[in-house]
Amino acid sequence: MKRRVIAFAVCLVAFSSLFAGVVPIKNYVDYGVFASPGRLVDVDSITPFGIEAEAVSDAEAIKFLASPAASFKENAKIVADYLSSQDIEFWDNHPELINEFASIDSAFPVRGNNTELYEAELQDYFRTRFLSPSYGDNNRAIAALSVIEQGVIPDNLKPISGDVDLSLKIYGGRVSSGSGWNAGLDLLLEGPESLFSSSAVRGIDSVIHSEHGIAGYIVPDKLAAGFAVTPSLFLSVPFSGTDFVNACFEDLPLNLILNGSVYMGLGMGFNFGIMYKPLENLSFALDLRDVASARIGLELPISDIAAGLRFYDNIMIIPPDVALSVVLNAGNWHLKMEINDIVNQLIANEMLGTTGFSWWNVVDGEVSYDFSENLSLALSYEDAEVGLEVMTGGFKAALLARTDSFGFGVRCGFLL
């Protein structure tokens, strides 16, 4: 299996390298029922308007957002201990740190002719004044971040997560007689896994998308097949952990955009699926998702806006995936289980030369119970989140808990 995945990834790279590089990216769009187009034959729904908002965060990220300086307090002491133990050779190799500290505090030692005296003054500075109340928690935090940004990271530095996810979805659509459409706007802010990271891999992602699908029975009431096409317009602003921290310290969230680049362009995706129904209330589906799905676009470097728009050098590939799902409806009880996110992780790792794999995302599921026609309760697990959701009329609300870290959140929505 892995050899086939590797071969497929190599073919993608070989083909795409004729005109551009290939970068695998995560797909943030929720395709809904169009993720399993074979199931469209069983869907009959009209959604004139729907809106859903979600906020999920690690406890560490909430603590940081509430008080950025306090979150850096322990690490500021670790940085102080590290710097107080360095000799003059270290400071000769890091003149940029001297400039940073001098800009924060005018009392920072000034180098004279006596090298040994200057070294002693530096060591005393980080053991006393730097840790004193007069220096200030905010200055200490900014100074510690400056050290980390310069790549000077003590081994015993305590990691801090900035993993906060905020999303807003506005959508509407119609599915009937095995065919239908959906259109929506998805907005997402995905915080960094580490506040010490200087790599811009997460950020703000906005997508205007639509899904168009059709399905039909190959064997009446037993076997159905379908496909869906998903065109989109996107705008992305990646930022790093240190960008996120600086924006919070300076209370200037626009710096997340102004200090980097904006990517915008077009995307296209294709989903194929088959569904088998051994019983009227039991069905299985096999889906091929994001087959030949990619984004192409333009890059606008906001930090150097005079350079102007240019074509982005790479094609952003959404790695294809294979999903297997089962749906059971037994009276008022409803069960859905799905296995996915394995193939796309393997392909992404092969293309990037990485080995990371998240088992938390492999299995999704939901069990729900209808108390009445207008009241339902559901327990779900999806993308490393456990949710307890209540649905009444067109309103739904859920409490969420992370399983891959200590985090929690809420989700609410409304359908007309």
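If you're wondering where the values come from, they're calculated on a predicted model, not measured in any experiment.

1. With respect to the overall build of the protein chain
A count of helical and extended segments in the protein chain gives 11 helices and 20 strands. Its C-alpha atoms give the protein chain principal-axis dimensions of roughly 90 × 55 × 40 Å. Taking all 416 residues of the protein chain together, 43% fall into the buried category. Contacts spanning at least 24 positions in sequence make up 64% of the contacts within the protein chain whose residues lie at least 6 apart. Of the roughly 21,400 Å² of accessible surface on the protein chain, a fraction of 62% belongs to carbon and sulfur atoms. Charge centroids of the protein chain, computed over 25 positive and 52 negative side chains, lie 5 Å from each other.

2. Let's talk about the packing of helix α8 (residues 137-149) against helix α9 (residues 241-250)
Packing of α8 against α9 brings their axes to within 11 Å, and their N-to-C directions diverge by 160°. By the angle class used here, α8 and α9 are roughly antiparallel. Crossing hand, α8 versus α9: left-handed. Residues Asn138, Ala141, Ile142, Leu145 and Glu149 of α8 lie in contact with α9, whose contacting residues are Thr242, Val245, Asn246 and Phe249. When its residues are assigned to classes, the contact of α8 with α9 shows 5 nonpolar, 3 polar and 1 charged.

3. Overview of empty space enclosed by the protein
Empty space left among the atoms is revealed by rolling a probe the size of a water molecule over them. Tallying each qualifying case throughout the model produces 1 cavity of 30 Å³ or more. In this model, the largest cavity occupies a volume close to 100 Å³. Taken together, 14 residues make up the lining of the largest cavity; nearest its centre are Asn27, Tyr31, Thr230, Ser232 and Ile318. Elements with a minimum of two residues in the lining of the largest cavity: β5 (202-219), β8 (261-268) and β11 (293-301). Here the lining of the largest cavity is built from residues that sort into 6 nonpolar, 6 polar and 2 charged.

4. Concerning the packing of aromatic side chains
Scanning the entire structure with this criterion turns up 25 aromatic pairs. Residues tyrosine 263 and tyrosine 312 carry aromatic rings whose centres are separated by 5.0 Å and whose planes lie at 75° to one another, so their mutual orientation is edge-to-face. With tyrosine 263 in strand β8 and tyrosine 312 in the loop between β12 (310-311) and β13 (314-318), this pair connects stretches of sequence that are 49 residues apart. The class of tyrosine 263 is buried, set by a relative accessible area of 17%.

5. Observations regarding the nonpolar core
One broad trend across soluble globular proteins is that nonpolar side chains are buried collectively. By size, the foremost hydrophobic cluster in this structure holds 39 residues, and its most contacted members are Phe72, Leu83, Phe101, Phe126, Phe130 and Leu195. Going through the elements one at a time, α2 (59-66), α4 (73-84), α5 (88-93), α6 (95-104), α7 (115-127), α8 and α9 are the ones with two or more residues in this core. Among the elements that line this core, the one with the most residues is α8, at 6 residues. By size, the runner-up hydrophobic cluster in this structure holds 12 residues, among which are Leu40, Ala215, Tyr263 and Met316.

6. Overview of the pairing of strand β15 (residues 333-339)
Judged from the 7 bridges that link them, strand β14 (residues 321-330) and β15 form a sheet pairing that is antiparallel. Bridge pairing in β15 places leucine 328 opposite leucine 335. Counting the residues in the hairpin turn of β14 and β15 gives 2 residues, including glycine 331, whose phi is positive at 65°.

7. Considerations on the pattern of salt bridges
For the coordinates displayed, the defined rule picks out 16 salt bridges. The partner of glutamate 299 in a salt bridge is arginine 310, and the shortest N-O contact between them spans 2.4 Å. Linking glutamate 299 in strand β11 with arginine 310 in strand β12, this pair joins segments that are 11 residues apart in sequence. Looking at glutamate 299, the relative accessible area reads 8%, which means it is buried. The exposure class assigned to arginine 310 is partly exposed, which follows from its relative accessible area of 37%.

8. Some details on the side chain of serine 368
Within the secondary structure, serine 368 sits in strand β16 (residues 363-372). Sequence-distant contacts of serine 368, that is, excluding residues within four places in its chain, are made with Asn332, Trp333, His334, Leu377 and Ala378.

9. Quick look at α9
Note on helix geometry: an α-helix contains 3.6 residues per turn, so any two residues three or four positions apart are oriented the same way. Among the residues making up α9, those that are buried are Gly241, Thr242, Phe244, Val245, Ala247 and Phe249. Contacts from the buried residues of α9 go to α2, α3 (68-71), α8, β3 (164-176), β7 (232-239) and α10 (255-258). One or two residues past the end of α9 sits aspartate 251, with phi positive at roughly 55°.

10. Details of the pairing of β14
In terms of strand pairing, strand β10 (residues 282-289) meets β14 through 8 bridges, oriented antiparallel. What sits directly across from serine 283, in β14, is valine 327.

11. Re the side chain of serine 146
Residue placement: serine 146 occurs in helix α8. Exposure remark for serine 146: the relative accessible area of 9% places this residue in the buried category. Apart from residues lying up to four places away in sequence, serine 146 is in contact with Leu97 and Glu100.

Criteria and thresholds
Residues numbered from 1 in each chain as written. Predicted model: local features only at pLDDT ≥ 70, side-chain atom pairs only at ≥ 80, totals over all residues. Heavy atoms only, no water. Helix = DSSP H or I, 4+ residues; strand = E, 2+ residues; numbered from the N terminus. Buried < 20%, exposed > 50% of the residue type's maximum accessible area, 1.4 Å probe, protein only. Contact = heavy atoms within 4.5 Å. Areas by Shrake-Rupley, 256 points an atom, 1.4 Å probe, with all protein chains shown as cover. Lys, Arg positive; Asp, Glu negative; His and termini not counted. Charge placed at Lys NZ, Arg CZ, Asp CG, Glu CD. Axes fitted to C-alpha atoms, helices over the stretch in contact; angles between N-to-C directions. Parallel < 35°, antiparallel > 145°, perpendicular 65-115°, else oblique. Left-handed = near helix turned anticlockwise from the far one by under 90°. Nonpolar A, V, L, I, M, F, W, Y, C, P; charged D, E, K, R; others polar. 1 Å grid on protein atoms, 1.4 Å probe; cavity = no way out; pocket = protein on both sides within 12 Å on 5 of 7 lines; lining within 4 Å. Points joined across faces, edges and corners; volume = space filled by probe spheres on them. Phe/Tyr/Trp six-rings, centres within 6.5 Å; stacked < 30°, edge-to-face > 60°. Core = buried A, V, L, I, M, F, W, Y, C linked by side-chain atoms within 4.5 Å. Pairing = 2+ DSSP bridges. Salt bridge = Lys/Arg side-chain N within 4 Å of Asp/Glu carboxyl O.

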